[in-house]
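Notes for the structure review
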Amino acid sequence: MDSTELRALQKPLKDSYREDPAKALVPAKAVAVLDGQSIGVSVDGFAGTTRAGLHPAAGGDGTEACSADMLCEAVAACAGVSLRSVATAMGVELRNASVTAEAHWDARGTLGVAREVPVGITDVTITFDFTSDADEATEQKMITLAERYCVIAQTLQTPPKVTVQRA
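Residues numbered from 1 in each chain as written. Predicted model: local features only at pLDDT ≥ 70, side-chain atom pairs only at ≥ 80, totals over all residues. Heavy atoms only, no water.

Here the structure, examined in full by the defined rule, presents five salt bridges. Put simply, arginine 18 and aspartate 15 hold a salt bridge, and the shortest N to O gap is 3.4 Å. Taken together, the residues span about one helical turn, with arginine 18 and aspartate 15 both in helix α1 (residues 3-19) at a distance of three residues. Of the residues examined, arginine 18 reaches a relative accessible area of 62% and is grouped as exposed. Overall, the relative accessible area of 31% leaves aspartate 15 in the partly exposed class. For aspartate 35, the salt bridge identified is with arginine 51, shortest N-O distance 3.2 Å. Residue aspartate 35 is found in the loop between β1 (32-34) and β2 (41-45), and its partner arginine 51 is found in strand β3 (residues 48-52); the two are separated by 16 residues along the sequence. Under the relative-accessibility criterion, aspartate 35 is labelled partly exposed at 36%. Since its relative accessible area comes to 26%, arginine 51 is described here as partly exposed. (Salt bridge = Lys/Arg side-chain N within 4 Å of Asp/Glu carboxyl O. Helix = DSSP H or I, 4+ residues; strand = E, 2+ residues; numbered from the N terminus. Buried < 20%, exposed > 50% of the residue type's maximum accessible area, 1.4 Å probe, protein only.)

Compared with an ideal rise of 1.5 Å per residue, which puts 24 residues at 34 Å, helix α2 (residues 67-90) spans 34 Å between its outermost C-alpha atoms and is within 8% of the ideal. Every buried residue belonging to α2 is among Ala68, Cys72, Val75, Ala76, Cys78, Ala79, Ser82, Leu83, Val86, Ala87 and Thr88, and all of these are buried. Contacts made by the buried residues of α2 are with α1, β4 (94-105), β5 (121-132), α4 (136-149) and α5 (151-157). After α2 finishes, the residue glycine 91 shows a positive phi value of roughly 75°. (Expected span 1.5 Å × (residues − 1). Contact = heavy atoms within 4.5 Å.)

Looking now at the sheet that holds β2. Here three strands make up an open sheet; going across it, the order is β1-β2-β3 and the pairing antiparallel. Two strands lie at the open edges of the sheet, namely β1 and β3, each paired on one side alone. Taken pair by pair, the neighbouring strands of this sheet meet at an average axis angle of 30°, ignoring direction. In this structure, β2 lies alongside β3, joined through five bridges in antiparallel fashion. Along β3, the bridge assignment pairs serine 42 with arginine 51. (Pairing = 2+ DSSP bridges. Axes fitted to C-alpha atoms, helices over the stretch in contact; angles between N-to-C directions.)

The nonpolar side chains of a soluble globular protein tend to be buried with one another. In this structure, Leu83, Leu94, Phe128, Phe130 and Met142 are the most contacted members of the largest nonpolar core, which totals 15 residues. Sort the elements by how many residues they give to this core and α2 lands first, with five residues. (Core = buried A, V, L, I, M, F, W, Y, C linked by side-chain atoms within 4.5 Å.)

Here it is as structure tokens:
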């Protein structure tokens, strides 16, 4: 896909959202089904069912996905799609491109070992690795724009209100 094809694909969407902003509000949903026999859960997704469970640092055996790793996968995927979209819109050819998302969390928090230790990820680093036909300033602009338009990275930078409830 080139920049002309991308613009043609997105133009009717952008026009529609300008005309009726409510059309741009996109729901997202995931459901974790508890097994009943183990600590693990099943989450149906686009590419099939993911079996998630405890990380080895919290008592898991490493055979099930860790939610922190799944979050890193979402960050890397979103940032990668954003980079590709930005590069395409700018007419820049990417070569050998990858995006790595790395995060850290302290198991003492989630295991209740130390109350002063936060539960959850404390930092995320997104690394863009690519070569292109663009100059360094253009490459830096692409990274800046990819970060700006990456839904997951922006969500982590400005966390949404989280409501916890019982059905």
